[in-house]
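Tertiary structure, described
What follows is each chain in one-letter form.
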Amino acid sequence: MVIHQGSVGVDVKLISEVAGNAGLIIATNQAKVGADNFSGYEIALDSQADRLVIGRHDHNFNLIGYEAIDVRTDEWIRLRVKIEPESFTVFVNDKEITTVRDQHPLRAGTIGFRQWQRNAQYRNLELNVDGNAIDASLVGTARANEISGMWDAVGDVANASFQLIKDNPFVGQQSQRISAETNGGSAGLANRGLNRWGMTFRNGKPYEGQLWLRSDKAIAVSVTLEGTRLEDTAIENNNEVHELASKIVNVSGDGKWNRYDFELTPTGETENGRFAIRLQDAGQLDIGYAFLQPGSWGRYKDLPLRRDVVEGLIDQGITVLRYGGSMVDNPPNYRWKNMIGPRDQRQPYDGHWYDYSTNGWGIIDFLNLCEATGIFGIPCFSIDESPQDMVDFLEYANGDANSTWGQKRVADGHPKPYGLQFIQLGNEESVNEAYWDRYEPIARAMWKQDPSLTLIVGDFQFESPIVDPFHFTGSPAGITSLAAHQKILALAKELDTEVWFDTHMWTGGPEPTSSMNAFFTYVDALEKLAEGAKHKVVVFEFNANNHRQRRALSNAEMIGRIMRDGRIPITLSANCLQPDGQNDNGWDQGLLFLNSSDVWLQPPGFVTQMVSQAYQPWVVQSSVASNDKQAVPESIDVVATASEDKQTVIVRVANRDAHPVHVQLLCDGIQVQSSDAQVTTLAAPLNAHNTADNPNQIHPTTQTISIGTTDQSATIEVPAYSFSTIRIGS
């Protein structure tokens, strides 16, 4: 029923004091399987934050706002929404809370209930459409199924039940139970992959996996790869689902957890697939762990990583990867010792971004990736790790194979030491006295173990220039002094070791941001405090809320500034990877996008690639002047580098202006050996980006221009909103 004007009301009870929210959705259309896979407005209650959450969904989630209210758990709360053609008003317990007017309102639709990562109950539904009350009573069910959040019930669900059990789970706090009342009903669970996109299965290519199952009686279970045809739409649109591969697993009835390995080879191809586990007999089955991956054909060097994703990183020209970010921001169980050992037996934890985070891929797996690709890896650890645990990690990573923790590394399949040189402690921390109190004992213990190790302080961001290191403003972390930094520097000097400081900046583009402009005053301030301590500043995160050309130009300009300065050894951009569509509501900043079947670069990723491909080790003097003696526009940024033998020069030009610029290039101090120069340019409108349907819409183009061998000059046009690299010489 579509409601153009009317109201909807319901009693909501939030079950238990846990994270998440629950409530109503209105103006709902195009609802499909998936957490945010619909169009509509969400009006939800959040008990942990005592607030009303109002958001807009358009197959993503955009927060409209919060309203502070009293939200009590295990009590009925009346939630009512009055719907008008261009607005809606929210009432909680008959008190008017807020009215929302969307500048671009969604079209009228139906209503529904939505829970986000928590359980809730509903009663007393009332609907009024155009002044008329509608009979819409809720019908209770005798049995409520409990299904793990990333899975869906399939098959003969009517004759089966599903429970999340806490009794002796395989790992973590719960396991999934399926009980079937009849034989042959094929009741079970199916997983459609990340975001319920649908898995991609390739015809004739093997897939391998493992299950940990438990049953009190011998029972037959099928594992299947299923999907719609490539030309069909998604499974949830009720298209016919084909069985592409199937195998029977005979589960022991000993009541114990047992591991079952399997291999499946599909006889068809789909990008809308799912992996299903189905009971073939009446009985009860507990599922503790399920894992599926392509055979070695689809993985990079047999690691549990998609080959195309890793090759996409390599093709981008990445030379350094950092494993860190907000996931290390002090969740109590984010600890490296939980990330080793058999992947299927690692304990999940309550993560920063997700309540049910898995340790199936962690710091050690990251080091294996970097080793396999030849990319320099820097892992980031929680600053709340203990000093002894961090010393143990050094022994695990770098110790002899016969040492206590070296033996564990060998058992995990890595006989040789990793030879790790850099470790970061914390991410975007408030580097204050409290940070120092945690940092000092860890640093002393680790440097005692290995004085050659470089420790990296996980600092944050600075929005205002620092004139006085002990009195400043503009830190999002809330610090107003670098006194703790001074103590860290003094410790490095005392122990004759080296410390680095990682600070981040915003490069949303195209105009320079305050954090970009303040950055070098932070570098200068640390130099004033160092008193001979060996130290450097690095940037491990360029951040933004977009992945478009505007951000590419800002990244290019800041890289140019850093290259000219010459003091910053490593500069990285977040985020390395982004699932297509997942972060459209924030941190929408991936350089390499992926879905279940493909990967593709975004404009900022092409900037990384262009800088990498044009690398030369020496920064050379470059200057920009206007022929008409006018001031050179600030929208033009130029930096030049050269090979050691001065036979090759690279000129990088970023133009964030809306108009093209004609540039006469003059080379002095280098004898050009070739009459040609290669110009590679990334040019596009500011909001241009690449999509799954058109992954190469924005990409660099290369042309050859002539260089005068006598006057060593050439004239080129630098397009509007562009970044160019010009290779002169051999």
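Before reading further, recall that the structure is shown in the block above.
Quick summary incoming for the structure in this document. Remember, it's a predicted structure, so these values are computed and weren't measured experimentally.

On to the overall build of the chain. The number of helices and strands found in the chain is nine helices and 40 strands. Taking 730 residues into account, the globule formula puts the C-alpha radius of gyration at 27 Å, and the chain, at 29 Å, falls close to it. When its C-alpha atoms are laid out on the principal axes, the chain stretches across 85 × 70 × 55 Å. Taking all 730 residues of the chain together, the buried fraction comes to 52%.

What follows deals with the packing of aromatic side chains. Per the counting criterion, the structure on display carries 23 aromatic pairs. Here the aromatic cluster, defined as three or more aromatic residues joined through ring pairs, consists of W336, F381, F393, Y396 and W405. The ring of F91 carries the charged tip of R80 above its face, separated from the ring centre by 4.1 Å.

Volume-wise, the second largest pocket comes out at about 940 Å³. If you trace the second largest pocket, you find 29 residues lining it, with S623, V624, Q664, L665 and L666 closest to the centre. Every element with two or more residues in the lining of the second largest pocket is listed here: β34 (636-642), β35 (648-655) and β36 (661-666). Considering every element that reaches the lining of the second largest pocket, the biggest residue donor is β36, with six residues. Taken together, the residues of the lining of the second largest pocket sort by class into 19 nonpolar, eight polar and two charged.

Attention shifts here to empty space enclosed by the protein. Counting across every chain of the model gives one cavity of 30 Å³ or more. Looking at the largest cavity, the residues that line it are Q461, F462, T503, H504, M505, S515, A518, F519 and Y522. Broken down by element, the lining of the largest cavity gets its largest block of residues, four residues, from helix α7 (residues 514-530).

Formed by 92 residues in total, the largest nonpolar core has its most connected members in F393, I423, L425, Y439 and F519. Looking at this core element by element, the count peaks at nine residues for α7. Counting residues in each nonpolar core, the second largest holds 32 residues, with I3, L45, I54 and V90 among its members.

Let us look at the packing of helix α3 (residues 387-398) against helix α5 (residues 433-449). Between α3 and α5, the shortest axis-to-axis distance is 8 Å and the interhelical angle comes to 30°. One finds that α3 runs roughly parallel with respect to α5. Crossing angle aside, the handedness with which α3 passes α5 is right-handed. Along the contact surface, α3 presents P387, M390, V391 and L394, while α5 presents P441, I442, A445, M446 and Q449. Across the contact of α3 with α5, the residue classes break down as eight nonpolar, one polar and no charged.

Between α7 and helix α8 (residues 549-565), whose axes approach to 11 Å, the crossing angle comes to 15°. Relative to α8, the element α7 lies roughly parallel. Considering the relative orientation of α7 and α8, their crossing is right-handed. Contact residues: α7 offers M516, N517, F519 and F520, while α8 offers S554, M558, R561, I562 and D565.

With that settled, the discussion passes to the sheet that holds strand β8 (residues 95-100). Spatially, β8-β7-β6-β1-β10-β11 is the arrangement adopted by the six strands of the open sheet, whose pairing is antiparallel. The open sheet is flanked by β8 and β11 (132-134), the only strands paired with a single partner. Neighbouring strand axes in the sheet, compared pairwise and without regard to direction, differ in orientation by 20° on average. Bridge count between strand β6 (residues 76-84) and strand β7 (residues 87-92): six bridges; the pairing is antiparallel. Within β7, the position partnered with V81 by the bridge is V90.

Overall, antiparallel pairing links the six strands, which are arranged β33-β34-β35-β40-β37-β38 in an open sheet. The outermost strands of the open sheet, each flanked by one partner alone, are β33 (618-620) and β38 (701-706). For this sheet, the mean inter-axis angle between neighbouring strands, taken without regard to orientation, is 25°. With seven bridges connecting them, strand β37 (residues 676-683) and strand β40 (residues 722-729) associate as antiparallel partners. When the sheet's bridge partners are listed, A683 is paired in β40 with S722. Across the sheet, α8 lies against β33, β34, β35, β37 and β40, angled at about 50° from β34, the strand it touches most.

This part takes up the side chain of R551. Secondary-structure assignment places R551 in helix α8. Buried charged residue R551 carries no salt bridge. Nearest counter-charge: E541, at 8.0 Å. Among the polar contacts made by the side chain of R551, one reaches the side chain of T507 at a distance of 3.4 Å. Among the polar contacts listed, one links the side chain of R551 to the side chain of S573, at a separation of 3.3 Å. Those residues within four positions of R551 in sequence are excluded, and the remaining contacts are T507, G508, F542, N543, A544, N546, S573, A574, Q589, L591 and P604.

Attention now moves to unusual backbone geometry. Looking along the chain, the bond that leaves G509 and enters P510 is cis, with omega of 0°. Tracing the backbone shows P510 in the loop between β27 (498-506) and α7. In the Ramachandran plot, D496 falls in the positive-phi region, its phi being about 55° despite a non-glycine side chain. With respect to the helices, strands and loops of the structure, D496 is situated in the loop between α6 (483-495) and β27. In the Ramachandran plot, Y721 falls in the positive-phi region, its phi being about 50° despite a non-glycine side chain. Relative to the assigned elements, Y721 resides in the loop between β39 (713-718) and β40.

Right, let's get into the pattern of salt bridges. Scanning the entire structure with this criterion turns up 39 salt bridges. Close ionic contact of D46 with R51 constitutes a salt bridge, the shortest N to O distance being 3.2 Å. D46 sits in the buried class, given a relative accessible area of 8%. Salt bridges sharing common partners tie together D11, R78, R123 and E126.

So, on to the pairing of strand β2 (residues 21-29). Within β2, nine of the nine residues are buried, leaving the element largely enclosed by the surrounding structure. The pairing of β2 with strand β9 (residues 110-116) spans six bridges and is classified as antiparallel. Each residue of the ladder has a partner; that of I25, found in β9, is G112. Pairing between β2 and strand β3 (residues 39-46): six bridges, direction antiparallel. Bridge assignment links G23 to a residue of β3, and that residue is A44.

Moving on, we come to helix α2 (residues 363-373). Counting buried positions along α2 gives ten out of eleven residues, so the element sits mostly inside the fold. Listed as buried for α2 are I363, I364, D365, F366, L367, N368, L369, C370, A372 and T373. Elements in contact with the buried residues of α2: α1 (307-315), β23 (320-323), β24 (376-381) and α3. Just downstream of α2 lies G374, where phi reads positive at about 80°.

Here is what the cut-offs are and how they apply
Residues numbered from 1 in each chain as written. Predicted model: local features only at pLDDT ≥ 70, side-chain atom pairs only at ≥ 80, totals over all residues. Heavy atoms only, no water. Helix = DSSP H or I, 4+ residues; strand = E, 2+ residues; numbered from the N terminus. Rg over C-alpha atoms; globule rule 2.2 N^0.38 Å. Buried < 20%, exposed > 50% of the residue type's maximum accessible area, 1.4 Å probe, protein only. Phe/Tyr/Trp six-rings, centres within 6.5 Å; stacked < 30°, edge-to-face > 60°. Lys NZ or Arg CZ within 6 Å of the ring centre and 35° of its normal. 1 Å grid on protein atoms, 1.4 Å probe; cavity = no way out; pocket = protein on both sides within 12 Å on 5 of 7 lines; lining within 4 Å. Points joined across faces, edges and corners; volume = space filled by probe spheres on them. Nonpolar A, V, L, I, M, F, W, Y, C, P; charged D, E, K, R; others polar. Core = buried A, V, L, I, M, F, W, Y, C linked by side-chain atoms within 4.5 Å. Axes fitted to C-alpha atoms, helices over the stretch in contact; angles between N-to-C directions. Parallel < 35°, antiparallel > 145°, perpendicular 65-115°, else oblique. Left-handed = near helix turned anticlockwise from the far one by under 90°. Contact = heavy atoms within 4.5 Å. Pairing = 2+ DSSP bridges. Lys, Arg positive; Asp, Glu negative; His and termini not counted. Salt bridge = Lys/Arg side-chain N within 4 Å of Asp/Glu carboxyl O. Polar contact = N/O pair within 3.5 Å; in protein donor to acceptor, adjacent residues only side chain to side chain.

Keep in mind these numbers describe shape, not what the thing actually does.
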